[in-house]
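Each chain, letter by letter, is given below.
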Number of protein chains: 2
Amino acid sequence: MEIFREVNKVQKKSLEEKCKGNVIGFVPTMGYLHEGHLSLVRKCRENTDFCVVSIFVNPTQFVAGEDYSVYPRDEERDKAILERERVDLLFMPEVKEMYKEGYQTNVEVLKFTKPLCGKFRPGHFKGVTTVVSKLFNAVLPNIAYFGQKDYQQYIVIKRMARDLNFPVKIQMMPIVREKDGLAMSSRNSYLNEAEREQAVALYSSLKRGEELYNSGERNSSKIKKEMGKVFSQFPLVKPQYIEVVGAEELDSIEKIQGKVLIAVAAFVGKVRLIDNMLLGG
Amino acid sequence: MEIFREVNKVQKKSLEEKCKGNVIGFVPTMGYLHEGHLSLVRKCRENTDFCVVSIFVNPTQFVAGEDYSVYPRDEERDKAILERERVDLLFMPEVKEMYKEGYQTNVEVLKFTKPLCGKFRPGHFKGVTTVVSKLFNAVLPNIAYFGQKDYQQYIVIKRMARDLNFPVKIQMMPIVREKDGLAMSSRNSYLNEAEREQAVALYSSLKRGEELYNSGERNSSKIKKEMGKVFSQFPLVKPQYIEVVGAEELDSIEKIQGKVLIAVAAFVGKVRLIDNMLLGG
């Protein structure tokens, strides 16, 4: 596995591979890799000819007061894991390589960034779309892989790529869960034992929503209300939002028709976690 | 000369040419070509292996009340000119190819867009940086050529390309002028005979600024005041701004040191024209 820290080196290498006729696959990450990331990496290995992973804890997507400075990092462990997965190239830039002095350019998706996490993390998605644009221009991938856990991010990036003519296919991969159903996340490492036990609240709430949907309930207020009741059984967990939205445009819906997303965000102690499930369609 | 109207066709062709080892040069235009455009095209032909020109009157860079609907267009004439210049590929997309239904993504440069034209055309540069990002992702050029007449646009795009890691070199070419000094512009076609005669006011004002600079004057207020006096000799011409700014960051300066830009915008009748000159450095 080659490791590059400079944008122009990655660009050169990717173009060389493309010109050999190789399909470039790309998995952008913030590191501290878990099985969720690895499911993306393995799909990338399987479906493309040259697999690039990036590790970059992007400062601009953390909102004021969030956990940028303490976000978990373990470069050596991540490198060993990616080596084992036979990744071809690891791109691991410094912050000053990605944000040069006098940096002043943003990429912004206007509509799909407004609901769900967008309501509570103003500027977060602007940071995401900006850094993903920069990463796409560095790695020049044909296909990029994103996890369903960050479903809104997937929808936002897919629209950005389409709108800006990025020649990149955006592919989503399913959520990978712990045995009790907790969605894998680097932030799970923040949880103490009691919090870890109660963190299953998010998944339990989604399962309750799914159950109601499967029993024929189509009123989203009713479903959200019942999902909320699940959280009351977990005193360490405070839901931030419980939403039912259209799966394509993330628009609020009252009567469920077609494919929808049920999505939750909650604080487990001081740790903010998210989870979601697709229904119908 | 090949003519493409679809983004994916241009992408495919450009990548093929790149993979042959060819350097792709790109001249983005809004058509209605004049000698200013052709100086860019000729430089592109001279310095690159595969010369792409785009013609696209971009609706999002026209501010409310501006001349989008009446902006001069002549596709057949432009095609014949570019054929004669031995351009390799003309990219001429429809609006709906560039802005698909549900379009909602912008690229924005925050600081360099604020002074000069940015003060009077809010949103203009956001439209420019967005469309140029889209065009870069379609044409995948190695070098893109821009005219000095739109000097602020050049500075903004150069920063955007750097900030977003576009693997594109941004090159500026000198202003091409009519015999009396009027900077070439597609908008000059709007002028009636009397207006055309007085349109030289912008260049005359810049020449007066240059003269003062060459005689040792370094106080920018003094220079701007004298430049303003020139306009009073042209009753059909109303200056919108007369500015002296740093040539790299477009920052206001009082005492001139190093390389500076003197820039003017003025209404000649109802037609808004701009012009500029680089001094010192």
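No experiment lies behind these values; they were computed from the predicted model shown.

Asker: What am I meant to see in the pattern of salt bridges here?
Answerer: Oppositely charged side chains can form a pair if their charged atoms are brought close together. Residues and elements named next belong to chain A. Under the definition given, this model contains 50 salt bridges over all chains. A salt bridge links lysine 12 to glutamate 16, with the shortest nitrogen-to-oxygen separation between them at 3.4 Å. With lysine 12 and glutamate 16 both in helix α1 (residues 7-19) and four residues apart, the pair spans about one turn of that helix. The closest approach of N and O atoms between aspartate 163 and arginine 162, which form a salt bridge, is 3.0 Å. Salt bridges sharing common partners tie together Glu2, Lys13, Glu17 and Lys20.

Asker: I'm lost on the relation of the copies chain A and chain B in this one. Help?
Answerer: What relates the pair of chain copies is a rotation about an axis plus a shift along that axis. Overlay of chain A on chain B (RMSD 0.0 Å): rotation 180°, translation along the axis 0.0 Å. As the rotation angle and translation indicate, the two copies are arranged about a two-fold axis. Looking at the rotation axis and the C-alpha trace of chain A, the residue lying nearest is A:Val107, at 2.3 Å. When the interface residues of chain A are mapped onto chain B, 100% of them again fall at the interface, so both copies present the same face.

Asker: Would you take a moment to explain the confidence of the model for chain A for this structure?
Answerer: In low-pLDDT regions, the fine details of the predicted coordinates are not to be read closely. Averaged over chain A, the pLDDT score is 98; the fraction of residues at 70 or greater is 100%. For this predicted complex, the interface confidence comes out at an ipTM of 0.96, alongside a pTM of 0.97.

Asker: Help me understand the pairing of strand β10 (residues 271-279) of chain B, please; the structure alone is not making it clear to me.
Answerer: Two faces make up the sheet, and in a regular strand the side chains alternate between them. All names here are of chain B. In terms of residue burial, β10 counts as a mostly covered element, since eight of its nine residues are buried. Alignment of strand β9 (residues 260-268) against β10, held across nine bridges, turns out to be antiparallel. Paired with phenylalanine 267 across the strands is arginine 272, a residue of β10. Counted between consecutive antiparallel strands, the loop separating β9 from β10 contains two residues, among which glycine 269 sits at a positive phi close to 65°.

Asker: How should the environment of B:Asn22 be read in this particular structure?
Answerer: Residues and elements named next belong to chain B. Along the polypeptide, asparagine 22 turns up in the loop between α1 (7-19) and β2 (24-29). Overall, asparagine 22 belongs to the partly exposed group, its relative accessible area being 22%. Taking C-alpha positions, asparagine 22 is 5.3 Å from aspartate 49, a pair spaced 27 residues apart along the chain. The contact partners of asparagine 22, leaving out residues within four places of it in the chain, are Glu17, Asp49 and Asn142. Polar side-chain contacts of asparagine 22 include one of 2.8 Å to the side chain of glutamate 17.

Asker: Explanation requested: the interface of chain A and chain B in the structure shown.
Answerer: Taken together, the contact between chain A and chain B spans 32 residues of the former and 32 residues of the latter. Carbon and sulfur atoms make up 49% of the surface buried where chain A meets chain B, a total of about 2800 Å² over both sides. The three residues of chain A that bury the most area against chain B are A:Gln104, A:Leu164 and A:Asn165, which together make up 26% of that side's buried surface. Inspection of the chain A/chain B interface yields zero salt bridges. Linking chain A with chain B are 24 residue pairs in polar contact (both at pLDDT 80 or more), by the criterion used here. In terms of residue class, the side of chain A that touches chain B is made up of 14 nonpolar, nine polar and nine charged. Of the pairings in the sheet, the one linking strand β5 (residues 105-109) of chain A to strand β5 (residues 105-109) of chain B comprises five bridges and is antiparallel in character.

Asker: Can you help me understand unusual backbone geometry in this one?
Answerer: All names here are of chain A. Located in the positive-phi region is leucine 116, a residue other than glycine, with phi close to 50°. Along the chain, leucine 116 falls in the loop between β5 and α5 (117-120). Residue classification places leucine 116 among the buried residues on the basis of a relative accessible area of 4%.

The rules behind each value
Residues numbered from 1 in each chain as written. Chains lettered and ligands numbered in written order. Predicted model: local features only at pLDDT ≥ 70, side-chain atom pairs only at ≥ 80, totals over all residues. Heavy atoms only, no water. Salt bridge = Lys/Arg side-chain N within 4 Å of Asp/Glu carboxyl O. Helix = DSSP H or I, 4+ residues; strand = E, 2+ residues; numbered from the N terminus. Least-squares fit on C-alpha atoms with pLDDT ≥ 70 in both. Contact = heavy atoms within 4.5 Å. pLDDT = per-residue confidence, 0-100. Buried < 20%, exposed > 50% of the residue type's maximum accessible area, 1.4 Å probe, protein only. Pairing = 2+ DSSP bridges. Polar contact = N/O pair within 3.5 Å; in protein donor to acceptor, adjacent residues only side chain to side chain. Buried area = accessible area lost by both parts, 1.4 Å probe. Nonpolar A, V, L, I, M, F, W, Y, C, P; charged D, E, K, R; others polar.

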